[in-house]
Amino acid sequence: MATPILKFRLRRYSSSIVSAIVLIAVCLGQSTQVVASQNEVLQKVLPKTVKLYGAGGLKNLANYGTGLLISSDGHILTVWNHLLDTDQIIAVLDNGRRLPAQFVSGAGEAGLAVLKVEVINAPHFDLAEVSRSGPGTPVLGFSNMFNVAAGDEPVSVIHGVIAMLTPLTARRGRFDIPYKGDVFIVDAVMNNPGAAGGALTTQDGKLLGIIGKELKDSRSNLWINYAIPLSDVRDTIEKLVRGEVITDDSIELPPVIRPVDTSGLGFRLVPDVVPRTPAYIDFVMPGSTAEVIGLQQDDLIVLINDDLIHSCREFYAQLRELRKGDALRMTVRRDRELVNVELIVPELN
């Protein structure tokens, strides 16, 4: 069984904190020497992790995630997901510094992306030292799961064991990835909201993999706790750092671009990032017809002209059938109420 999540604040040790750690270690049957070695590992790894903030923040789409510093110049490796669907990605370093992060490149076949912040001599993982381990290897997972760390607090650390190395061929859920290679399956509840992009390391802090998105096994319908081995995609990452976009025509990249411009209607939906993203209204333009008829942010569109709407894509599909001057009747759910509105369709792109 995996041991519980442990949170450490490493930069401001006091004698009382050290004593408490030693006492916990004794209770667990560990020596103070083991605790000291664990602290050294955490001090080495935590400064190389980054908390990311971007698109999302509505309902089940978290606006926070994790990244790994992979160069002294501030290159950040993370997974390609909905967080990147914005021009204002913020990276929070281990010391609490908040820096704008620029998108450098992404890889469809690996499901990875590289960002960059302006720093000098940043502590980072050396990709040349990435190792690969097999089943039974004790591991540590570093990530900003559940947004526990927002400023200079260290990210969460979870202990586990590699249960197996297996191809990731069966997957489903709110998120999906095109990666089809082997993954580490870990005996620890590791793939939580905000954890994607975190580091999987050995107990001595050597980088093994990057924690993936939340996924379910299509056969068991259980959440998968996994990480992508970075030794398998090291060449791809190096190309991403150079700004090369890696594509594969046979693989559909994560949809992070809204397929229809709804500004003419006076509102826009949340980013369409998964096949069944709920059709929540993300923004209502001030002074627009949508505002006048009473539409509000976070309204969930459930009906269009009496047709049930399950997702953003279904909303856009219905919209494509309408022409300028047609009546658009919508039913939205607001908290526990259903609200009916109607507007005339303008010219849409």
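The coordinates are above.
Residues numbered from 1 in each chain as written. Predicted model: local features only at pLDDT ≥ 70, side-chain atom pairs only at ≥ 80, totals over all residues. Heavy atoms only, no water.

Participant: Would you take a moment to explain the nonpolar core for this structure?
Facilitator: The tendency in soluble globular proteins is for nonpolar side chains to be buried side by side. Grouped together as the largest cluster of nonpolar side chains are 34 residues, with contacts concentrated most on L77, L112, F142, I210, Y226, L230 and I237. Those elements giving two or more residues to this core turn out to be α2 (32–45), β3 (75–79), β6 (112–116), β7 (138–143), β9 (182–186), β11 (207–211), β12 (226–229) and α3 (234–241). If one sorts the elements of this core by residue count, α2 sits on top with three residues. Setting aside chain neighbours within four positions, we find L230 in contact with L77, V130, L207, L208, G209, I210 and I237. Membership of the second largest hydrophobic core comes to 29 residues, among which are V260, F267, L269 and L343. (Core = buried A, V, L, I, M, F, W, Y, C linked by side-chain atoms within 4.5 Å. Buried < 20%, exposed > 50% of the residue type's maximum accessible area, 1.4 Å probe, protein only. Helix = DSSP H or I, 4+ residues; strand = E, 2+ residues; numbered from the N terminus. Contact = heavy atoms within 4.5 Å.)

Participant: What is the right way to read the side chain of D299 from this model?
Facilitator: Locating D299 in the fold gives a position in the loop between α4 (289–292) and β15 (300–304). Among the residues examined, D299 registers a relative accessible area of 1% and is labelled buried. Looking at D299, its side chain comes within polar contact range of the main-chain nitrogen of Q296, at 2.8 Å. Among the polar contacts listed, one links the side chain of D299 to the side chain of R334, at a separation of 2.8 Å. Sequence-distant contacts of D299, that is, excluding residues within four places in its chain, are made with A279, Y280, I281, G294, V332, R333 and R334. (Polar contact = N/O pair within 3.5 Å; in protein donor to acceptor, adjacent residues only side chain to side chain.)

Participant: Looking at this structure, how should I read helix α5 (residues 312–320)?
Facilitator: The periodicity of an α-helix, 3.6 residues per turn, causes residues three or four places apart in sequence to face the same way. The set of residues buried in α5 consists of C312, F315, Y316 and L319. Buried residues of α5 fall within an arc of 95° about the axis and therefore sit on the same side. (Arc of directions from axis to C-beta.)

Participant: Sorry if this is basic, but what is going on with α3 here?
Facilitator: Residues of α3 that are buried: T236, I237 and L240. Summarising the axial view, the buried residues of α3 lie within an arc of 100°, below the 170-degree limit, and thus occupy one face. Of the residues one or two after α3, G243 is the one with positive phi, at around 90°.

Participant: I would appreciate a short explanation of the pattern of salt bridges in the present structure.
Facilitator: Two side chains with opposite charge may pair up if their charged atoms get near one another. Within this structure, the stated rule accounts for seven salt bridges. Notably, a salt bridge pairs D232 with R132, separated by 2.5 Å at the nearest N-O pair. Here the residue D232 occupies a position in the loop between β12 and α3, and R132 occupies one in the loop between β6 and β7, the gap between them amounting to 100 residues. With relative accessibility at 37%, the residue R132 sits in the partly exposed group. Notably, a salt bridge pairs R242 with E244, separated by 3.2 Å at the nearest N-O pair. (Salt bridge = Lys/Arg side-chain N within 4 Å of Asp/Glu carboxyl O.)

Participant: Looking at this structure, how should I read the sheet that holds β7?
Facilitator: Two orientations exist for strands paired in a sheet by backbone hydrogen bonds: parallel and antiparallel. Pairing is antiparallel in the closed barrel, where six strands are placed in the order β7-β8-β9-β12-β11-β10. Between one strand axis and the next, the sheet turns through 40° on average, direction left out of account. (Pairing = 2+ DSSP bridges. Axes fitted to C-alpha atoms, helices over the stretch in contact; angles between N-to-C directions.)

Participant: Please clarify how the sheet that holds β15 should be interpreted in this entry.
Facilitator: In space, the four strands of this open sheet follow the order β16-β15-β17-β18, with antiparallel pairing throughout. Both edges of this open sheet fall to β16 (307–308) and β18 (337–344), since each of them pairs with a single strand only. Across two bridges, β15 lies against β16 in antiparallel orientation. Bridged to L303 within β16 is L308. Relative to β15, α5 is tilted by about 40°, and along the sheet it contacts β15, β16 and β17 (327–334).

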